[in-house]
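This is what each chain is made of:
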Amino acid sequence: MEHDLRKNPALLKLDLYCRGAQLDESCLIEDAGGRPLLRTRAGLGSGLEAILPGGLYTNIPVAEPFTQQSPYRVHHEEGAFVLRLDGDRICELQLSPRPQWYDAETSSGKQMSRVGTLQGTYLGIYPGKVCEYWTREVKDNCKFCSVGLNLGHDDADDKNVDEVLEVVRAARLQSGITYVDFNTGHYEGETYLDLLEPYVRAVKEQTGLLVGVQTPPHADLKRYDELKKMGVNRVSFCFEIFDQERFVEVCPGKHTQYGLDRYLEAIEYCASLGSGDIANFEPWVTNGEIIAGLEDPQSSIRAIDWITEKGAIPTVCIFRPLIGTDYEEVAVPSTEEMVPVFARLYDDCMRRGLPIGVAPNVHVSLVMLPEECVGLSEKPHAHKLNRVKLAGLKKVFAAGFLRRLRAKEQKFPEYARLRDAS
Ligand code: SF4
């Protein structure tokens with residue numbers, strides 16, 4: 001592995017997640033056109049949205065107390081943002097642009113950034129009410145989670161289908177999104193899929209964008225066959241922790257309500273549904289999401305092995321002790337112990353020929369994507385045939401998929417109206 005942070009953006013992205021950065025007073029991020037520091041709803045992001053060399057999107061922790069000890073400091077120098085480590089220049093940082101549509105309003109008068117926000121280059125929408133683990137008499141929310149702290153501040157509580165569609169179209173036209181992610185917490189009666197389906201149908205039919213759904217695992221696994229038929233392209237199950245005992249401690253609500261096994265069964269079932277209709281630009285991907293840093297790194301590695309063995313793709317976040325959460329004082333993991341976890345993420349995906357890095361223009365700021373982790377692998381030049389295949393697939397997929405999006409844009413007059421208005 002290349003240890004020079006100037007030459008290895010993957011290592012830099014990882015190191016920044018683990019150590020955060022201080023913002024020098026010379027930085028007036030919002031005045032310089034950056035995205036505001038919203039506490040994003042996934043419960044793990046709170047930082048500075050930026051793009052590292054190599055086009056790696058990231059969200060650098062800057063708000064949490066641990067960042068005050070960080071050797072990294074962001075400066076604003078001669079019109080550019082510069083990242084320094086112990087005073088030495090590492091690289092220039094590009095701030096992820098603040099979308100114009102963030103300040104626009106839907107026809108119903110809601111600020112668009114309260115309906116959906118960009119996370120890297122995709123649009124994240126949390127259409128439901130707050131996860132019910134937060135509203136029980138005895139709260140049993142996941143200990144790292146900030147969702148119940150954020151509601152009513154950064155996100156609107158209710159979002160109807162028309163409002164979501166308006167924001168999706170604006171984000172497509174002005175930010176070039178290709179993927180929309182719908183996310184919910186737990187609701188009694190497992191109503192989350194019922195809640196999401198009208199949004200999914202509308203977005204698929206009227207925009208043709210890739211759509212993903214992240215919810216707890218529904219008891220009726222046949223619902224996932226239905227989602228696939230509806231055009232959902234990604235299902236994601238966040239079990240967070242693979243070690244059974246740690247799972248109970250970290251995610252008490254998930255443990256009581258579902259149990260780790262339900263999550264694993266859903267992943268296995270969804271992965272068994274295949275990889276979708278790629279020729280018609282309707283892939284089907286199953287993700288299992290974990291948080292590295294809250295259990296032994298070897299347990300995270302076992303989780304990655306298990307997920308990839310089933311044919312699913314791991315999403316691996318790094319634990320961040322968000323202010324106000326139960327774990328606000330828990331230490332972040334070190335870069336050294338995280339490198340083998342993320343190296344395994346890349347190696348396993350390649351070894352098993354999983355379709356990573358194919359969707360066009362999907363950059364994620366809150367996690368290290370498997371394909372980004374090539375810079376952490378001890379064998380970055382292995383799997384040559386697979387790398388060539390993935391590069392070819394990516395090119396062909398992007399060309400056809402973008403044609404489909406343009407056809408939708410011509411078919412629906414709402415796009416033309418938006419264009420005229422802006
Ligand atoms: S399930 Fe856990 S992580 Fe997800 S919103 Fe609820 S408390 Fe937060």
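Every value quoted in this text rests on a predicted model; they were computed, and no experiment measured them.

*Asks:* Describe in detail the sheet that holds strand E7 (residues 117-119), supporting the description with residues and values.
*Replies:* Taken together, seven strands build an open sheet; the order of strands is E7-E8-E9-E10-E11-E14-E15 and the sheet is mixed. Strand pairing shows two members of the sheet lacking a second neighbour, E7 and strand E15 (313-318), which therefore form its edges. Recorded for the sheet is a direction-independent mean angle of 30 degrees between the axes of neighbouring strands. As paired elements, E7 and strand E8 (residues 122-125) share three bridges and run antiparallel to each other. Within E8, the residue paired with Gln119 across the bridge is Tyr122. Across the face of the sheet, helix H8 (residues 260-271) comes into contact with strand E11 (234-240) and strand E14 (285-292) while running at roughly 155 degrees to E11.

*Asks:* Can you break down the sheet that holds strand E2 (residues 48-52) residue by residue, with the values?
*Replies:* Spatial ordering of the open sheet is given by E1-E4-E5-E6-E2-E3, a layout of six strands whose pairing is mixed. Where the open sheet ends on each side, the last strands, each with one partner, are strand E1 (22-23) and strand E3 (56-60). Here E2 runs beside E3; their pairing, made up of five bridges, is antiparallel. Each bridged residue has a counterpart across the sheet, and for Ile51 the counterpart in E3 is Tyr57. Its contacts with the sheet put helix H1 (residues 9-19) on E2, E3, strand E4 (72-77), strand E5 (80-85) and strand E6 (88-95), and the angle it makes with E3 is roughly 15 degrees.

*Asks:* Pulling in residues and values, what's your account of the pattern of salt bridges?
*Replies:* Taken as a whole and assessed by the stated rule, the structure comprises 26 salt bridges. Lys110 is the partner of Glu163 in a salt bridge, and the nearest nitrogen-oxygen pair spans 3.0 Å. Of this pair, Glu163 sits in helix H3 (residues 161-175) while Lys110 sits in the loop between E6 and E7, and the two are 53 residues apart along the sequence. Classification of Lys110 as partly exposed rests on a relative accessible area of 23%. Between Arg344 and Asp305 there is a salt bridge; the shortest N-O distance is 2.9 Å. Pair noted here: Arg344 is in helix H10 (residues 335-351) and Asp305 is in helix H9 (residues 297-309), with a separation of 39 residues, a long-range link. Among the charged side chains, a network of salt bridges with common partners joins Asp305, Arg344, Asp348 and Arg351.

*Asks:* Run through the packing of aromatic side chains, naming residues and quoting values.
*Replies:* Across all of its chains, the model carries 11 aromatic pairs by this definition. For the ring pair Phe182 and Tyr199, a centre distance of 5.9 Å and an interplane angle of 40 degrees mean the geometry is tilted. Taken as a pair, Phe182 in strand E9 (residues 179-183) and Tyr199 in helix H4 (residues 192-207) lie far apart in primary sequence, 17 residues in all. Using a relative accessible area of 0% as the deciding quantity, one classes Phe182 as buried. Consider the rings of Phe397 and Phe401, whose centres lie 5.6 Å apart with planes at 20 degrees: the pair is stacked. With Phe397 and Phe401 both in helix H11 (residues 384-411), this residue pair falls four residues apart, about one helical turn. Look at Phe401 and you get buried, because its relative accessible area is 0%. Taken together, the aromatic side chains of Phe239, Phe242 and Trp306 make up a single cluster linked through ring pairs.

Reading the values: the criteria
Residues numbered from 1 in each chain as written. Predicted model: local features only at pLDDT ≥ 70, side-chain atom pairs only at ≥ 80, totals over all residues. Heavy atoms only, no water. Pairing = 2+ DSSP bridges. Helix = DSSP H or I, 4+ residues; strand = E, 2+ residues; numbered from the N terminus. Axes fitted to C-alpha atoms, helices over the stretch in contact; angles between N-to-C directions. Contact = heavy atoms within 4.5 Å. Salt bridge = Lys/Arg side-chain N within 4 Å of Asp/Glu carboxyl O. Buried < 20%, exposed > 50% of the residue type's maximum accessible area, 1.4 Å probe, protein only. Phe/Tyr/Trp six-rings, centres within 6.5 Å; stacked < 30°, edge-to-face > 60°.

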